[in-house]
Amino acid sequence: MKMWVNGRWVDSASNQVIEVIDPATEEILDEVPHGTEEDTHQAIAAANAAFPKWRRIPASERAVALHQTAAKVREHHDELVELLTKEEGKPVPENDEELWWTEETFDYYAELARHERGTVIPPGDPAQFNFVLKEPWGVVACIVPWNYPLLLLVWKLAPALAAGNTVIIKPSKLTPLTTLRLVEVACDHFPPGVVNVVTGTGSDVGEALVTHPDVRMIAFTGSTDVGKRIASLAAPMMKKMHLELGGKDPMVIAPDVDIDVAVSGLAYAALINTGQVCTSTERAYVHESIFSQLSEHLADYVSKLRLGNGLDEGTDIGPMIRNSFREAVESQIADAVSAGAKVLTGGDRPAEFKHGFFLRPAVLVDVDHSMHIMREETFGPVIPLMPYRDFDEAIQLANDSEYGLGASLMTHDAKLVKRFFEEVQAGTIWINDPLTDNFAGPFGGMKMSGIGRELGQEGYDEFCQVKHIHWDIEGGMKEYWYPY
Ligand code: NAD
């Protein structure tokens, strides 16, 4: 496939390509241009040139364009689900859900943005008129990871366009195909330069975007390390930064739970997308009175989940994205075991697959907070379980992390719920239904999990800068001017 710049499909100046592989079969699916700094600068110039006209188009017309995109994506829903399953690996039902989110998010921001322009505020004097305008930033770079290539793109792209910005998309080099296809089938009605896609690496294309003076906002989702690098490059230029970073989400399971419900909820929260979710539950704290029963039950449940190609019906767990990611998870498990952890199930490579980066989901006990597996992001199919004595200890353990993305609680005890959502430091709190998002509910992290929010009104406002207008209508002499 080619890159989409200024309304045309183009090759890279490098004449080099990046091969995209299927993580379940290791076969080459396609190749995309290996974009360069020069390619990126061309896209920035196109987006910059398109901005003055796009920002002046009435919001109601931009809303129509976004609704059109949603409708066109729906027409290609099944095809995009299949392509996404091939390049990202998670099972079809999860990609079906990702496409649904993608379509609905375009509609959501089309509706929200059509009445957004700012507010009229009370003046300090009856002869004056004061108002606050919401204005687009200009050229916005959307830098996206591989784990939810479309969903995490549209949480940026839809509000950015709705607010009147022009956009350059940089997909992950591991999963650029569905992004290019989505733009091909659903974005051709935007004027040239309003939406651009440049494929390539973070060090070439990513940094060319982050450091160019005409890119006024960086909307980034990815690892905390890369987020720090972007912040260090963009801060001296005073760019708007919107950083959605890593996580180490806790789940607390209270003693009043139904064990079957808690086990299923925990397995889903930890293992969806093979645990490669920023909000995966990566550490679970279980009340000591039910710890043995729940851990045995969980190990049995997890050992029965079916690994396979995401395209095969009945697959619960797909492959990991690449071998290097699998090795990092194996090394965390080995490190925990050498420090005294016990593996109840999984953590090994299934012998039945000749190809693909499969790893059996693991359940670990005898873990503690001195181990990397309880402190560093795992981003793989591992559930480490720790018992707690009382709710004070559960909250202290949940907060004992540099991250603060999401946190889950399983209980019907309202007093525990209130303490949990008041005291746990996380951008999203889920009670009895982990990892369920809401279009109108802001999503993002506290502490090292990021700056800013996506989704909801908050996720629109990130893509606007505000301007206060103070207008003295009579325009006469003021008693507070000179001379004093
Ligand atoms: P990554 O940080 O390696 O890459 C993310 C994107 O940044 C890619 O497009 C990459 O090419 C680009 N990039 C890399 N180096 C760059 C640089 N120096 N300058 C500019 N761009 C650069 O992350 P990944 O492996 O693709 O995704 C997994 C990570 O993303 C995990 O840490 C996960 O927690 C995080 N994530 C966070 C959220 C959230 O909403 N908070 C959601 C999903 C994933």
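Residues numbered from 1 in each chain as written. Predicted model: local features only at pLDDT ≥ 70, side-chain atom pairs only at ≥ 80, totals over all residues. Heavy atoms only, no water.

### With respect to empty space enclosed by the protein
Under the counting rule described, the total for this entry stands at two cavities of 30 Å³ or more. Of the voids in this model, the largest cavity is the one considered here, and its volume is about 50 Å³. In terms of lining, the largest cavity is formed by 14 residues, of which the most central are Pro250, Tyr403, Gly404, Gly406 and Gln425. Elements that contribute at least two residues to the lining of the largest cavity include exactly strand 12 (249–253), helix 12 (391–399), strand 17 (403–404) and strand 18 (406–410). Of the residues belonging to the lining of the largest cavity, the class tally is seven nonpolar, four polar and three charged. Estimates place the volume of the second largest cavity at around 40 Å³. Leu152, Thr221, Glu244, Leu245, Cys278, Leu405, Phe443 and Glu454 are the residues that line the second largest cavity. Here the residues of the lining of the second largest cavity are counted per class, giving five nonpolar, one polar and two charged. (1 Å grid on protein atoms, 1.4 Å probe; cavity = no way out; pocket = protein on both sides within 12 Å on 5 of 7 lines; lining within 4 Å. Points joined across faces, edges and corners; volume = space filled by probe spheres on them. Helix = DSSP H or I, 4+ residues; strand = E, 2+ residues; numbered from the N terminus. Nonpolar A, V, L, I, M, F, W, Y, C, P; charged D, E, K, R; others polar.)

### Considering the packing of aromatic side chains
Per the counting criterion, the structure on display carries 16 aromatic pairs. The aromatic ring of Trp54 is capped on one face by Arg62, whose charged end is 6.0 Å from the ring centroid. (Phe/Tyr/Trp six-rings, centres within 6.5 Å; stacked < 30°, edge-to-face > 60°. Lys NZ or Arg CZ within 6 Å of the ring centre and 35° of its normal.)

### Some remarks on the sheet that holds strand 15 (residues 362–365)
Taken in spatial order, the seven strands make up an open sheet running 14-15-16-13-12-18-19, and their pairing is mixed. Of all strands in the sheet, those bounded by a partner on one side alone are strand 14 (342–345) and strand 19 (428–431). Here the average twist between neighbouring strands, direction ignored, is 25 degrees. The pairing of strand 13 (residues 281–287) with strand 16 (residues 382–388) spans four bridges and is classified as parallel. Along strand 16, the bridge assignment pairs His287 with Tyr388. Across the sheet, helix 12 is in contact with strand 12, strand 13, strand 16 and strand 18; its angle to strand 16 comes to roughly 145 degrees. (Pairing = 2+ DSSP bridges. Axes fitted to C-alpha atoms, helices over the stretch in contact; angles between N-to-C directions. Contact = heavy atoms within 4.5 Å.)

### Here we look at the sheet that holds strand 6 (residues 128–136)
Spatial ordering of the open sheet is given by 5-6-22, a layout of three strands whose pairing is antiparallel. This sheet does not close on itself; its edge strands, each paired only once, are strand 5 (118–121) and strand 22 (464–472). Averaged over all neighbouring strand pairs, the angle between strand axes comes to 15 degrees, with direction disregarded. Judged from the four bridges that link them, strand 5 and strand 6 form a sheet pairing that is antiparallel. Opposite Thr119, over in strand 6, you have Val132 as the bridge partner.

### Some points on the side chain of Asn399
Mapped onto the elements, Asn399 comes out in helix 12. The class for Asn399 is buried, based on a relative accessible area of 17%. For Asn399, the contacting residues outside a window of four places in its chain are Glu423, Val424, Gln425 and Lys447. (Buried < 20%, exposed > 50% of the residue type's maximum accessible area, 1.4 Å probe, protein only.)

### Quick word on the pairing of strand 12
Within strand 12, five of the five residues are buried, leaving the element largely enclosed by the surrounding structure. Neither face of strand 12 is exposed, since Asp249, Met251 and Ile253 on one face and Pro250 and Val252 on the opposite face are all buried. Judged from the five bridges that link them, strand 12 and strand 13 form a sheet pairing that is parallel. Residue Pro250 lies in a different strand from strand 13, and its bridge partner there is Arg283. In terms of handedness, the path from strand 12 via helix 9 (residues 259–271) over to strand 13 forms a crossover that is right-handed. Bridge count for strand 12 against strand 18 is three bridges, and the pairing is parallel. Bridge pairing in strand 18 links Ile253 to Met410. (Right-handed = clockwise from strand over helix to strand, strands pointing away.)

### Considering the domain arrangement of the protein
Considered domain by domain, the protein is made up of domain 1 (3–245 + 449–469) and domain 2 (249–431). Using C-alpha coordinates to define each centre, domain 1 is positioned 31 Å away from domain 2. With 24 residues of domain 1 at the contact, the number on the domain 2 side is 26 residues. Buried surface at the junction of domain 1 and domain 2, summed over both partners, amounts to about 2200 Å²; 59% is from carbon and sulfur atoms. Our enumeration of links across domain 1 and domain 2 arrives at zero salt bridges. Looking at the side of domain 1 that touches domain 2, the elements with two or more residues in it are helix 3 (77–88) and helix 4 (92–113). Broken down by element, the side of domain 1 that touches domain 2 gets its largest block of residues, five residues, from helix 3. Residues that form the side of domain 1 that touches domain 2 fall into these classes: nine nonpolar, seven polar and eight charged. (Domains from an automatic or database assignment. Buried area = accessible area lost by both parts, 1.4 Å probe. Salt bridge = Lys/Arg side-chain N within 4 Å of Asp/Glu carboxyl O.)

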